[in-house]
Amino acid sequence: MSVKYIESSRTFKLDTPNTTYMIGLADEPGYIGQVYYGKRVNDEDLNYLMRTNEAPFIPSKNAREKCSFLDTYPFEMPCAWGGDYRDPAFEIRTVSGHSTCELVYESHEIIKGKKKLSGLPATFADESEAETLEIKCVEPDLGFHVILSYTAFSDVDIITKSVRVINDSADTFYLERIISAVLNIEDTPAYDMITMHGSWARERHICRREIPYGRSSSSSTRGESGHQDHPFLAVLEHTATEDSGNVYGMSFVYSGNFLAQCERNQFDTIRAMMGINPYGFCFKLLPGDEFTAPEVVMTFSSKGLGQMSRNFHDVYRKHLIRGEYKDKKRPILINNWEATYFDFNTEKLLDIARCAAVCGIEMLVMDDGWFGKRSSDNCALGDWFVNEEKLPGGLKYLAGEVNKLGLKFGIWVEPEMISPDSDLYRAHPDWAIKVPYKTPAMSREQYVLDFSRKEIRDCIYERISAILKSANIEYVKWDMNRQLADIGSICLDSDRQGELFHRYCLGVYEMQERLINDFPHIMLENCSGGGARFDAGMLYYSPQIWCSDDTDAIERLTIQEGTSLCYPVSCMGAHVSVCPNHSVGRNTPFETRGYVALAGTFGYELDITKLSDEEREMIKGQIADYHRYNDLIREGDLYRCESYRENHNYNLTGVVSKDKKEALFTFVRVMGIPNSHSRRIYFRGLDENMMYKVEGTEYYLSGAALMYAGFNVTGLWGDFNSRLIHLIGE
Ligand code: GLA
């Protein structure tokens, strides 16, 4: 049993294989507090941790100090304006304009398995894999209810949390803030926080810093998770490393505006929270209405950041990613974007496909520019009709010819957008998100469609599904190339405009759900100007996401390292492209580009017809590597051993099979160093007592020797050089 109610102490105990999350009830009036989250403990009464018997904080016996109590109590769902001065997780406004509220325990239910979240992506588990606790709270004076849902997984150290508000009162109110998960952490010893930041072409760079007093956050108001910040937060002991120390991780299964925040207060306790960004959010709840806030996936690791990441990877691979490709090797694709940009036609694509087929590439993906009058990025989004001038005979002919060469065929779409210069916009200028008194701001010369409106989603869906039915299309890259601004929908009442961001996100989810249900054989890859919507929400619909438009092997070390904090390598879209690299102008060896892409989904983004014979031969070798190693890469455990971000010159990451019998490490030395001897590297994740053959060498060493004594990498010459090291255990 992974979830228990212990009557004698009025506590709920949620156990995963190595962790315990404990919730307690304050006797009066029934506040719900977080007793403990950490390494697994026995079924004991830990309620003393709540300090409800420590003066001056005894709520029932010390009414004159209620504010002091509220301001220190480790609330599961802290409410606004009652006397807890830390940032709340829950805030409403009544029609009379008041906001004070509180939530107290009313009842609970323990369920086997896990319920679906209506309209939202979420992890899933069957009755043998998880148990769920639902605590029903009530606002005693206003009468509405809030359900706090926690799921404890039995096969991985993960607790998930989501929240549902049920307005079963007689009054309307406005939901101003609903944060899905809150962690209360005592500040002994000092804690750091990790968030991820970046920009276009350099997404998800790791940022670690000590948690200062006050509030420190990472957030998005862009209508998507964004290039700039990321819906992930780790809170870790100051001394924690990759393989030691206590680490809490929080990841949001949501693709819209988010807030990830730490607040350190007067007593050195930390309130970490994650949820929908309250800025710009307000949801009207009429009597009878419900609102479900998205899920936060939480993990605790007492073995450092590496274990935190592996917990996330396991839960996302097993309990979030769906569909035919969930556990399957993905076809090696070649995408024509960097090869041709908008300048292509059927013949050019077939030339690429012919060459690709000879090398063993398995799928051709036709990127942006195949529809309407689109020959640059300034027009035609929304006109989802094949441009027969470029592609005579349409997609049926093209896909047929590609298939004849033995390749699958896929296409790019950007369904959420509308170009002002499009037939769609000329017919429906009111379909774009905008406010009535301003010309909306353009970005990449495009507007965003109001996906909160069903008729708009239906129209776009029909157009795109007609295309998908018109030919043998086996892959779709769903792109989103601008962020939201001028937030307004003509279909929402004045007191509902604050719902648009969330309704938009739900609209995107609804359409992707429809797509994967209607076309279960199509492999969907999400994308947003590179990796601006690389989040757990999107993973529910697509087994892989384009990581970044930056395919430079060296920049990718940093991007893929950050991404790996939370997401498995099996979902990281990673391609080999040409040099000088189109984003940074850097020249790196073809071999290194291959090794770095191999540590992701693997594919090509170049004009293969223009490569040298030698490079094409190398592609054949890379493809053989992919077939040889991909099962291990997709299914194994990831170990980050050395970070170029920290030591400025060396990167070592590897994947070790679950049974420890096989491992593949990628070593990259960034700059060549004159007059230097070999570099000693130290592997991680091996079995100390197993003997490993270092493939391609005469070395046969124990896991202990390879991890603790190390291994010398010799013979690297030049900048950006690399080695792939394959270990076979016996
Ligand atoms: C975005 C994507 C690219 C490419 C272009 C097409 O930038 O990230 O891979 O598809 O759009 O316009």
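Just above sits the structure.
First, a word on what this report is: a plain description of the structure on this page. Not measured: the values here are computed from a predicted model. (Residues numbered from 1 in each chain as written. Predicted model: local features only at pLDDT ≥ 70, side-chain atom pairs only at ≥ 80, totals over all residues. Heavy atoms only, no water.)

Secondary structure assignment for the protein yields 14 helices and 38 strands. For 730 residues, the compact-globule formula gives about 27 Å, and the C-alpha radius of gyration of the protein, at 27 Å, lands near that figure. Overall, the C-alpha framework of the protein stretches about 85 × 70 × 45 Å when taken along its three principal axes. In the protein, which comprises 730 residues, the share counted as buried stands at 63%. Put simply, of all contacts in the protein between residues at least 6 apart along the chain, 69% involve residues at least 24 apart. Entry remark: accessible area of the protein is about 26,500 Å², with carbon and sulfur atoms responsible for 50%. (Helix = DSSP H or I, 4+ residues; strand = E, 2+ residues; numbered from the N terminus. Rg over C-alpha atoms; globule rule 2.2 N^0.38 Å. Buried < 20%, exposed > 50% of the residue type's maximum accessible area, 1.4 Å probe, protein only. Contact = heavy atoms within 4.5 Å. Areas by Shrake-Rupley, 256 points an atom, 1.4 Å probe, with all protein chains shown as cover.)

Moving on, we come to the sheet that holds strand β32 (residues 650-656). One key point about sheets: their strands pair by backbone hydrogen bonds, in either a parallel or an antiparallel sense. Spatially, six strands are ordered β31-β32-β33-β38-β35-β36 in an open sheet, and the strand pairing comes out antiparallel. The sheet terminates laterally at β31 (637-642) and β36 (700-702), the two strands that pair on one side only. On average, adjacent strands in this sheet sit at an angle of 25 degrees to one another, irrespective of strand direction. Summarising the sheet, strand β35 (residues 691-694) and strand β38 (residues 721-729) pair through three bridges and their orientation is antiparallel. Bridging across to β38, K693 finds its partner in I728. Relative to the sheet, helix α10 (residues 553-564) contacts β31, β32 and β33 (662-669), its axis offset from that of β31 by approximately 125 degrees. (Pairing = 2+ DSSP bridges. Axes fitted to C-alpha atoms, helices over the stretch in contact; angles between N-to-C directions.)

This part covers the environment of I321. By the element assignment, I321 lies in the loop between α2 (304-319) and β20 (333-335). Beyond its immediate stretch of four places on either side in the chain, I321 contacts F124, Y316, K326, L539, P543 and C571.

Attention shifts here to the environment of L638. Inspection of the secondary structure puts L638 in strand β31. For L638, a relative accessible area of 10% corresponds to the buried category. Residues within four places of L638 in sequence aside, it is in contact with R310, H313, S564, V569, G654 and V655.

Grouped together as the largest cluster of nonpolar side chains are 189 residues, with contacts concentrated most on F90, Y316, W370, I411 and I608. Here the element with the most residues in this core is helix α8 (residues 500-518); it accounts for nine residues. Formed by 21 residues, the second largest nonpolar core is a distinct cluster that contains F665, I681, F683 and I725. (Core = buried A, V, L, I, M, F, W, Y, C linked by side-chain atoms within 4.5 Å.)

What follows concerns the pairing of β32. In terms of burial, β32 is largely enclosed, as six of its seven residues are buried. Relative to β32, β31 runs antiparallel, the two being bridged by five bridges. For E642, the partnering residue across the bridge sits in β32 and is L652. Two strands pair when backbone bridges link them, and β32 and β33 are joined in this way by seven bridges, in the antiparallel orientation. Its bridge partner being in β33, N651 is matched across the sheet by V668. Linking β32 back to β33 in an antiparallel pair, the connection comprises five residues, with K660 at a positive phi of about 70 degrees.

Attention now moves to the packing of helix α11 (residues 590-598) against helix α12 (residues 613-635). Two numbers describe how α11 lies on α12: the axes approach to 10 Å, and their chain directions differ by 25 degrees. Comparing the axis directions of α11 and α12 gives the class roughly parallel. Both α11 and α12 take part in a crossing whose hand is right-handed. The residues of α12 that touch α11, namely those facing F590, E591, G594, Y595 and L598, are E615, M618, I619, Q622, D625, Y626, Y629 and I633. A class-by-class count of the residues in the contact of α11 with α12 yields eight nonpolar, two polar and three charged. (Parallel < 35°, antiparallel > 145°, perpendicular 65-115°, else oblique. Left-handed = near helix turned anticlockwise from the far one by under 90°. Nonpolar A, V, L, I, M, F, W, Y, C, P; charged D, E, K, R; others polar.)

Once that is clear, we can look at the site of the ligand. Close to the ligand lie 13 residues; D367, D368, K477, G530 and D549 are nearest. Here G530 contributes a backbone N or O atom positioned 2.8 Å from an oxygen atom of the ligand. Here the shell around the ligand is built from residues that sort into four nonpolar, three polar and six charged. (Near = heavy atom within 4 Å. Polar contact = N/O pair within 3.5 Å; in protein donor to acceptor, adjacent residues only side chain to side chain.)

Read from one edge to the other, the open sheet built from nine strands follows the order β28-β27-β26-β25-β22-β21-β20-β30-β29, with strand pairing classed as parallel. Each end of this open sheet is capped by a strand with a single partner; those strands are β28 (572-573) and β29 (576-577). Of the pairings in the sheet, the one linking strand β21 (residues 363-366) to strand β22 (residues 408-413) comprises four bridges and is parallel in character. Each residue of the ladder has a partner; that of M366, found in β22, is I411.

A side chain with one charge can pair with a side chain of the opposite charge if their charged atoms come near. Throughout the structure, instances matching the rule amount to 56 salt bridges. Note that R444 and D368 form a salt bridge whose closest N and O atoms lie 4.0 Å from each other. One end of the pair, R444, is in the loop between α6 (423-427) and β24 (447-448); the other, D368, is in the loop between β21 and α5 (394-404), and 76 residues separate them in sequence. Here E510 makes a salt bridge to R457, at a shortest N to O gap of 3.0 Å. Of this pair, E510 sits in helix α8 while R457 sits in helix α7 (residues 454-470), and the two are 53 residues apart along the sequence. Three or more residues joined by partner-sharing salt bridges are found here, namely K4, K13, D15, R40 and D43. (Salt bridge = Lys/Arg side-chain N within 4 Å of Asp/Glu carboxyl O.)

We now examine the layout of surface pockets. Taken as a whole, the largest pocket holds about 590 Å³ of empty space. Lining the largest pocket are 27 residues, with V35, R51, N184, I185 and E186 positioned closest to its centre. Only β4 (32-39) and β10 (173-186) provide two or more residues apiece to the lining of the largest pocket. Here the element with the most residues in the lining of the largest pocket is β4; it accounts for five residues. Class assignment of the residues belonging to the lining of the largest pocket gives a composition of 14 nonpolar, nine polar and four charged. (1 Å grid on protein atoms, 1.4 Å probe; cavity = no way out; pocket = protein on both sides within 12 Å on 5 of 7 lines; lining within 4 Å. Points joined across faces, edges and corners; volume = space filled by probe spheres on them.)

Before going further, it helps to spend a moment on the pairing of β35. Residues Y692 and V694 of β35 are buried on one face, while the alternating residues M691 and K693, pointing to the opposite face, are not. For β35 and β36, the ladder comprises three bridges, and the chain directions are antiparallel. Residue pairing in the sheet places K693 in a bridge with Y700 of β36. What sits between β35 and β36 in their antiparallel hairpin is a turn of five residues, with G696 showing a positive phi close to 85 degrees.

By rolling a water-sized probe across the atoms, one finds the places where empty space is left. According to the stated counting rule, one finds nine cavities of 30 Å³ or more in the structure shown. Computed from the structure, the largest cavity encloses a volume of approximately 170 Å³. Lining the largest cavity are 14 residues, and of these Q560, E561, A599, N651 and T653 sit closest to its centre. Contributing elements (two or more residues each) for the lining of the largest cavity: α10, β31, β32 and β33. Sort the elements by how many residues they give to the lining of the largest cavity and α10 lands first, with five residues. The class makeup of the residues in the lining of the largest cavity is six nonpolar, five polar and three charged.

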